[in-house]
Amino acid sequence: VQLQASGGGLVQAGGSLRLSCTASGRSFTLYNMGWFRQAPGKEREFVAAISRGGGTKSYADAVKGRFTISRNNGISVLNLQMTSLKFEDTAVYYCATDPSRTTPLARDAGAYVFWGQGTLVTVSA
């Protein structure tokens, strides 16, 4: 499956952005999906994940209550609505597929197989 992330940009602290990830190739509904991010000089970290049907979601503590993950299986799109953005949210955001279909949803990047190219989110203080 091929993943294309979009929606990143420059936003002031307190603002909002909506990231999207469009999938093509194999059936989108085969996979749990996740968002990860990597800030300069830091390791890639888990942000959020969603089950194949969208009924189960998981968030990193750092974004809980501010970010919302969702998916539209009809058009093979994964979204990440980000609100109340903070300077420390600045990073390249990646979408990825987890074919394991396990619960609880995976938070380890090693569980994810296919990755998008990343989209840069810059939050100005």
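Residues numbered from 1 in each chain as written. Predicted model: local features only at pLDDT ≥ 70, side-chain atom pairs only at ≥ 80, totals over all residues. Heavy atoms only, no water.

Draft legend 1. Structural detail: the packing of aromatic side chains. Going through the model one piece at a time under the given rule, you end up with six aromatic pairs. Relative to Phe 114, the ring of Tyr 31 lies with its centre 6.4 Å away and its plane at 80 degrees, an arrangement referred to as edge-to-face. You can see Tyr 31 sitting in the loop between strand E3 (17-24) and strand E4 (32-38) and its partner Phe 114 sitting in strand E10 (residues 114-115), a full 83 residues away along the chain. Residue classification places Tyr 31 among the buried positions, given a relative accessible area of 3%. Taken together, a centroid distance of 6.4 Å and an interplanar angle of 75 degrees make the contact between Tyr 94 and Trp 115 edge-to-face. (Phe/Tyr/Trp six-rings, centres within 6.5 Å; stacked < 30°, edge-to-face > 60°. Helix = DSSP H or I, 4+ residues; strand = E, 2+ residues; numbered from the N terminus. Buried < 20%, exposed > 50% of the residue type's maximum accessible area, 1.4 Å probe, protein only.)

Draft legend 2. Up close: the pairing of strand E1 (residues 2-6). Alternating residues of E1 divide into Leu 3 and Ala 5, all buried, and Gln 2, Gln 4 and Ser 6, none buried. With five bridges connecting them, E1 and E3 associate as antiparallel partners. What sits directly across from Leu 3, in E3, is Ala 23. (Pairing = 2+ DSSP bridges.)

Draft legend 3. Looking closely at the environment of Gly 34. Along the chain, the position of Gly 34 falls in strand E4. Taking the C-alpha atoms as reference points, Gly 34 and Ala 109, separated by 75 residues in sequence, lie 9.0 Å from one another. Setting aside residues up to four positions removed in sequence, Gly 34 forms contacts with Ala 48, Ala 49, Leu 78, Tyr 94, Cys 95, Ala 96 and Tyr 112. (Contact = heavy atoms within 4.5 Å.)

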